[in-house]
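# Reading the structure
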Amino acid sequence: MALSLTSMMRFPSHKLSSKPLKLRSPKVFMASTLHSNSKDNTEGLKRPYIPSREVHFQVTHSMPPQKLEIFKSLEGWAQENILVHLKPVEKCWQPQDFLPEPESEGFYEQVKELKERSKGIPDEYFVVLVGDMITEEALPTYQTILNTLDGIQDETGVSCTSWAKWTRAWTAEENRHGDLLNKYLYLSGRVDMKQIEKTIQYLIGAGMDPKMENNPYLGFIYTSFQERATFISHGNTARLAKDHGDLKLSQICGTIASDEKRHEIAYTKIVEKLFEIDPNDTILALANMMKKNISMPAHLMYDGQDDDLFQHYSAIAQRLGVYTAKDYADILEFLCQRWNVKNLTGLSGEGSRAQDFVCGLPPRIRRLEERAQMWAKQASMIPFSWVFNREINV
């Protein structure tokens, strides 16, 4: 999960050409996620997976066909350099390693202890933890999105390409995260599980719009950013859980953060390789994604009540320091250093402008932190269905 910065960030077009980037094809579609205002809609017949959101244009298949050869040529490299960041199943942790043992005679006592530990944790923390869990539980959407990227799709469901193996195994590892957090929250008794389950169903049904354009250049930049964001978020929920005295929950969140870090390393390696073999189009892709802003996976989150649920959840994450505007800037700066963006040479004129644009973004984004802090002082109380409609300061 991560803070939504879309409404906070507007970049003037003179900094980077607003014309389609070199990678882009003319295939454009209009996507709408607006509620229908038809009078025929009754309360019981509302479109179930479409909370109010903006209408926008979508570009598809923006990578030129000749670029497909790059990803085919990287099959062997991915086998040797990317698949090594996966763990064998028998060496992976499983959710049950952290939870009460249902087969043991002491199961009920273990659950009682878990519930006692959770009593000292405030509702606002649980709102953020629930948001993290819901984001993890929408994993079917993320696997679907990865399989829309040209040149790396799992075309059969059991493809033996390195890219397909990665996507399936990455999904399998990530699947444990939502399972573990879901079970912990259920046993804690602190949250309204039915409302949470409805939110998960709404979110998976709504999908997501990361604006990747079926383009693996954009896709791997997005996943690099997102994995680091979840590493930071889970790390901070681990820290806060420890501060509130729940060491087991802290261990749970820290373990998930460790997985996210390992996945981040893999995705950033892929982009690093793209910068090595195709620096101009890769910097154009990075500027493209940053100009559009990185939309977080759960940006279409909805619980059947609050059309601004993701914004409210993000505001609490900002206030608690779980994920902030500063983190967004820090991630971009970290990735630019990791990929040596500042020192790229041999770029086209458009590539050089994209380089300047990206390198100049972190300080501009950090100024948003000051604005976010000012907004936090003007916060209002919002009821959250996840905690039985108790009001939280957002």
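Residues numbered from 1 in each chain as written. Predicted model: local features only at pLDDT ≥ 70, side-chain atom pairs only at ≥ 80, totals over all residues. Heavy atoms only, no water.

### Observations regarding the overall build of the protein chain
On a plain count of helices and strands, the protein chain comes out with 14 helices and 4 strands. Here the protein chain holds 394 residues, and the buried ones make up 55% of them. Restricting to contacts in the protein chain with at least 6 residues of sequence separation, those with at least 24 account for 83%. Only carbon and sulfur atoms are counted for the fraction: they give 53% of the accessible area of the protein chain, which is about 17,700 Å². (Helix = DSSP H or I, 4+ residues; strand = E, 2+ residues; numbered from the N terminus. Buried < 20%, exposed > 50% of the residue type's maximum accessible area, 1.4 Å probe, protein only. Contact = heavy atoms within 4.5 Å. Areas by Shrake-Rupley, 256 points an atom, 1.4 Å probe, with all protein chains shown as cover.)

### Thoughts on the pairing of strand β4 (residues 390–393)
Pairing of strand β3 (residues 381–384) with β4 involves 4 bridges; the strand directions are antiparallel. Paired with I382 across the bridge in β4 is I392. Between β3 and β4, which pair antiparallel and follow one another directly, the connecting turn spans 5 residues, one of which, F388, has a positive phi of 60°. (Pairing = 2+ DSSP bridges.)

### Looking at unusual backbone geometry
For F388, which is not glycine, the phi dihedral falls at a positive 60°. Structurally, F388 is set in the loop between β3 and β4. Judged by relative accessible area, F388 falls into the partly exposed class, the value being 45%. The phi dihedral of N389 is positive, around 60°, even though this residue is not glycine.

### Examining the pattern of salt bridges
A full pass over the atoms with the stated rule returns 21 salt bridges. With a closest N to O distance of 3.2 Å, E264 and K261 form a salt bridge. Of the two residues, E264 and K261 both sit in helix α9 (residues 247–277), 3 residues apart, roughly one turn of that helix. Among the charged side chains, a salt-bridge network with shared partners connects E173, R176, D259 and R262. (Salt bridge = Lys/Arg side-chain N within 4 Å of Asp/Glu carboxyl O.)

### Brief notes about the side chain of S295
Within the fold, S295 resides in the loop between α10 (279–292) and α11 (309–320). Discounting residues that sit within four places of it in the chain, S295 has contacts with D209, K211 and Y222.

### Brief notes about the packing of helix α4 (residues 123–137) against helix α6 (residues 162–188)
Relative to each other, α4 and α6 sit at 140°, their axes nearing to 8 Å. Compared by their axis directions, α4 and α6 come out oblique. As for the relative orientation of α4 and α6, their crossing is left-handed in sense. For the pair formed by α4 and α6, the contact residues are F126, L129, V130, M133, E136 and E137 on the first element and E174, H177, G178, D179, L181, N182, Y184, L185 and S188 on the second. In terms of residue class, the contact of α4 with α6 is made up of 7 nonpolar, 4 polar and 4 charged. (Axes fitted to C-alpha atoms, helices over the stretch in contact; angles between N-to-C directions. Parallel < 35°, antiparallel > 145°, perpendicular 65-115°, else oblique. Left-handed = near helix turned anticlockwise from the far one by under 90°. Nonpolar A, V, L, I, M, F, W, Y, C, P; charged D, E, K, R; others polar.)

### Observations concerning α10
The terminal C-alpha atoms of α10, which comprises 14 residues, lie 20 Å apart, in line with the 20 Å expected from a rise of 1.5 Å per residue. The element α10 is largely enclosed, with a buried count of 11 among its 14 residues. Once α10 ends, the next one or two residues include N293, with phi positive near 75°. (Expected span 1.5 Å × (residues − 1).)

### A look at the nonpolar core
Of all hydrophobic cores here, the largest spans 110 residues; its most connected members are Y184, F225, F384 and W386. Here this core gets 11 residues from one element, more than from any other, and that element is helix α8 (residues 216–243). (Core = buried A, V, L, I, M, F, W, Y, C linked by side-chain atoms within 4.5 Å.)

### So, the environment of D192
Note on placement: D192 falls in the loop between α6 and α7 (193–206). Along the backbone, D192 and S385 are 193 residues apart, and their C-alpha atoms lie at a distance of 7.1 Å. Once residues lying within four places of it in the same chain are set aside, the contact partners of D192 are S385, W386 and F388. Polar contacts involving the side chain of D192 include one to the main-chain amide nitrogen of K194, which spans 3.2 Å. (Polar contact = N/O pair within 3.5 Å; in protein donor to acceptor, adjacent residues only side chain to side chain.)

### Comments concerning the confidence of the model for the protein chain
Summing up the model confidence of the protein chain, the mean pLDDT is 89 and the portion of residues at 70 or higher is 85%. Segment residues 6–21: pLDDT under 50, and 33 contacts once partners within four positions in sequence are set aside and those in other chains are kept. Confidence drops under pLDDT 50 across residues 32–45; counting only partners more than four residues distant or on other chains, this segment forms 18 contacts. (pLDDT = per-residue confidence, 0-100.)

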